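Next come the chains, spelled out residue by residue.
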Protein chains: 4
Amino acid sequence: MVEIRYPVLLINFKAYSQSSGRRAVELAKVAERVSKETGVTIIVAPQFTDIAPVAEAVEIPVFAQHVDPVTPGAHTGHVTLEAVRDAGAVGTILNHSERRLRVDVIDEVVKRARELKMVTTVCANTPEVSAAVAALRPDMIAIEPPELIGTGIPVSKAKPEVITSTVDLVRRVNPDVKILTGAGITTGDDVAAALRLGTVGVLVASGVVKAKDWYKAIMDLVKPMMK
Amino acid sequence: MVEIRYPVLLINFKAYSQSSGRRAVELAKVAERVSKETGVTIIVAPQFTDIAPVAEAVEIPVFAQHVDPVTPGAHTGHVTLEAVRDAGAVGTILNHSERRLRVDVIDEVVKRARELKMVTTVCANTPEVSAAVAALRPDMIAIEPPELIGTGIPVSKAKPEVITSTVDLVRRVNPDVKILTGAGITTGDDVAAALRLGTVGVLVASGVVKAKDWYKAIMDLVKPMMK
Amino acid sequence: MVEIRYPVLLINFKAYSQSSGRRAVELAKVAERVSKETGVTIIVAPQFTDIAPVAEAVEIPVFAQHVDPVTPGAHTGHVTLEAVRDAGAVGTILNHSERRLRVDVIDEVVKRARELKMVTTVCANTPEVSAAVAALRPDMIAIEPPELIGTGIPVSKAKPEVITSTVDLVRRVNPDVKILTGAGITTGDDVAAALRLGTVGVLVASGVVKAKDWYKAIMDLVKPMMK
Amino acid sequence: MVEIRYPVLLINFKAYSQSSGRRAVELAKVAERVSKETGVTIIVAPQFTDIAPVAEAVEIPVFAQHVDPVTPGAHTGHVTLEAVRDAGAVGTILNHSERRLRVDVIDEVVKRARELKMVTTVCANTPEVSAAVAALRPDMIAIEPPELIGTGIPVSKAKPEVITSTVDLVRRVNPDVKILTGAGITTGDDVAAALRLGTVGVLVASGVVKAKDWYKAIMDLVKPMMK
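Residues numbered from 1 in each chain as written. Chains lettered and ligands numbered in written order. Predicted model: local features only at pLDDT ≥ 70, side-chain atom pairs only at ≥ 80, totals over all residues. Heavy atoms only, no water.

(A) Quick look at the packing of helix 5 (residues 127-134) of chain C against helix 7 (residues 160-173) of chain C. Residues and elements named next belong to chain C. Between helix 5 and helix 7, the shortest axis-to-axis distance is 8 Å and the interhelical angle comes to 30°. Put simply, helix 5 runs roughly parallel to helix 7. Both helix 5 and helix 7 take part in a crossing whose hand is right-handed. In this structure, helix 5 uses Pro127, Glu128, Ser130, Ala131 and Ala134 to contact helix 7, whose residues at the interface are Val162, Ser165, Thr166, Leu169, Val170 and Val173. The class makeup of the residues in the contact of helix 5 with helix 7 is seven nonpolar, three polar and one charged. (Axes fitted to C-alpha atoms, helices over the stretch in contact; angles between N-to-C directions. Helix = DSSP H or I, 4+ residues; strand = E, 2+ residues; numbered from the N terminus. Parallel < 35°, antiparallel > 145°, perpendicular 65-115°, else oblique. Left-handed = near helix turned anticlockwise from the far one by under 90°. Contact = heavy atoms within 4.5 Å. Nonpolar A, V, L, I, M, F, W, Y, C, P; charged D, E, K, R; others polar.)

(B) Representation of the arrangement of the chains within the structure. In this view chain A stays clear of chain C, with the nearest C-alpha atoms of the two still 16 Å from each other. A minimum C-alpha distance of 16 Å separates chain B and chain D, which share no contact.

(C) Local environment of the interface of chain C and chain B. Counting residues at the interface gives 28 residues for chain C and 28 residues for chain B. Across the chain C to chain B interface the summed buried area is about 2,400 Å²; carbon plus sulfur atoms make up 58%. Interface area lost by chain C to chain B is led by Ala15, Thr49 and Thr76 of chain C, which between them contribute 27%. Counting every contact that joins chain C to chain B gives zero salt bridges. (Buried area = accessible area lost by both parts, 1.4 Å probe. Salt bridge = Lys/Arg side-chain N within 4 Å of Asp/Glu carboxyl O.)

(D) Local environment of helix 2 (residues 48-57) of chain B. Along helix 2 of chain B, the residues that are buried comprise Phe48, Thr49, Asp50, Ile51, Ala52 and Val54 of chain B. Buried positions along helix 2 of chain B lie against helix 1 (22-38), strand 2 (41-45), strand 3 (63-64) and helix 3 (81-86) of chain B together with helix 2 (48-57) and helix 3 (81-86) of chain C. (Buried < 20%, exposed > 50% of the residue type's maximum accessible area, 1.4 Å probe, protein only.)

(E) Representation of the nonpolar core in the model. Core analysis: the largest hydrophobic core is formed by 292 residues, its most contacted members being Ile218 of chain A, Ile218 of chain B, Ile218 of chain C together with Ile218 of chain D. Look past the residues within four positions of Ile218 of chain C in its chain and what remains in contact with it is Leu9, Ile11, Leu27, Val30, Ala31, Val34, Ile42 and Val208 of chain C. (Core = buried A, V, L, I, M, F, W, Y, C linked by side-chain atoms within 4.5 Å.)

(F) Main features of the pattern of salt bridges. All names here are of chain A. For the coordinates displayed, the defined rule picks out 52 salt bridges over all chains. Across the pair Glu98 and Lys14 runs a salt bridge whose closest N-O atoms are separated by 2.8 Å. You can see Glu98 sitting in the loop between strand 4 (91-94) and helix 4 (103-115) and its partner Lys14 sitting in the loop between strand 1 (8-12) and helix 1 (22-38), a full 84 residues away along the chain. Taking the relative accessible area as the measure of exposure, Lys14 reaches 2% and is therefore buried. Where Glu26 meets Arg23, a salt bridge forms, and the shortest distance between an N and an O atom there is 3.6 Å. Note that Glu26 and Arg23 are positioned in helix 1 at a spacing of three residues, about one turn of the helix. A relative accessible area of 31% means that Glu26 is categorised as partly exposed. Judged by relative accessible area, which is 34%, Arg23 ranks as partly exposed.

All we've got here are geometric facts, nothing functional implied.
Shown next, in the form of structure tokens:
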């Protein structure tokens, strides 16, 4: 299993045109450059179709944005852990607010990912759901109040109690899982606040993807994570 | 909120023709008779369409088999907590293996049920999922390995370690939630085993619904629950 | 099979609190009164939990708002055609914009409804989808541009070409299916326009349910349908 | 829009390990070789993650196995038409029995594919569903009785009336759409029968993917399609 060093910046490319196809590779290369310059772990999560070219172009960890709960076989239009792994991904996001999953499906995929030595980051919308998914023992949890996603209003400022309450509830259930902060993160200040509140990284999307200057935007976000 | 006294026998009528329509009322009356004779709590969960006539006919607690995560309003073909409550239900089963739910949906419905003072029984297929749903603080959890449902092979005999492991994991997350055993339960011996393994009741369906003599079948199941 | 005489007013109660529980029975009785006074067919579609009490209280046709594609058996939290029929429904709405269905599921349920001599009204959002579902031979199609549902802006005024185009495309595929107009219908004028455009009735929800005076609202809608 | 010359052999790679990753490229190359040697159109449909490397390696048309009904934007874990097109796909399969879709979703994706000049092949399980999807005007329909998929029992032999009835119903709705035969096709004889029954090609998966000798298997299938 690839070893993830924390803190971590996880960039979700979503299906944005700004981070699709050739642009996915370019964005991943900028992320790699910042990671090399700062020593901070940056993970990129491009679309399924872009995993292979991105993984070939960069050495930083590549994640899928989702996988389906099926094993290789007669499944048309599904995405297996094996397929994203063979394309070069070392892990996957699961249960993003735009792709919610059944609780038994998260359990199944997290268990299979562990067998395949792949890393899982499970998103959650509330402290209670965070505690619930913590019981399934993924590697990371990302707490993201969905009403703040894409707004530029950082959860760390608008709803800090959501993060502290998440950290508190999750710790009682699972002391090992890493907790990321998501939703509305666009600046280094937001990241610094997320770290102060007890989480070890952030999950971002539009804050980076839609930035005019990717290098500047990513550098600003990782600065508070430098030792 | 209706007070549920434990141990408890929860009978899921499913969509079986043997427990539909007029037969749903008859089965509920037999359950009520056994409950009165033995003092053991018996909950019946008929189909949505049968909740009103069943709730009118009996005084034992009536549950829905599922509700949708929507509030009253513009939702065609959905089932709200308010609708099943107004029809006479005091609680609901959630996340049955035949009707699995997203983890955020379980969180949402359990929270709303609590506000409405309704009782929730959330099903789970593994010890890990049981621990996960325990973090959402429903009133009861029913651990049911799906491969045993409807088989007549009691989980308490075939996989006792699933139950003990569930009890163990759930207790670390939530000391208050009540745990039921489900899947393959057909006899009083199965119930006695379920109680010995640390659970406070059973969830049954075909074992009662398809029995030739409902009274005998239910009486056999509740005997080990009598004080 | 119950014979439906056209034109028809189909009232979808949705999950509105104004048309739930005891209020569902009251609304159905008002609809029945108008139907008797005018001779116009009025169908009521209450929530699943209200079908039995409504069907017992009135003699006009009662529909379900949706059914699941399963037969009686081990299906927890599902709604079968048999269950709604036994509760007193003579038909069902399918594929409402708030409860869209897979094309193979519509095919399956329409076929089973025909075997059970139950009436089906399949909703569609575009002329092309209307033509598609017409090929599955339901009894009625309701064309409802979803962007107008609940707005009070009648499709017959805002987008008459959607209706005429639907009538045109559907007729080439299936000359027998009855076509209803839905979305934004609140007045008799809207109904008159819907009839002029070649449809034989309307599907309404909020226009009736949220009216202050149900009798007046329904009477206004059916007047243009009187011979 | 890429021009597809008929008859056509469409090979669905599904999520089989035999046709994943590096093996996907190898299988596509064999298909290309047969296509060049025989002049018969062969389309390959690898997994999402394999579209880019396959499309780079071969000149025959590449399809996706499915796309989601979303446009580029904030959609995590979704697959857009634009993404598969940018990866090199010229079309997509839709509504395969392992990935059924809502009727309004098929309508939406087929319309958007047309705008993007991409080719669509919509699967259907019955003659009625075939007629329904024909009304949505995709480029091709593949009739596949699901109970025969993967069995090696060719629909053209086991249920020829399903194909003739499909051709008949589809033609009344849409004279232009091309019809393929699917399910259980493994030999040239099966293909010849499919052509005789009025369809212009076949959709295969395991019959090719699991063959010991891909070249031989594909050559056998396309022979009856040679002019």
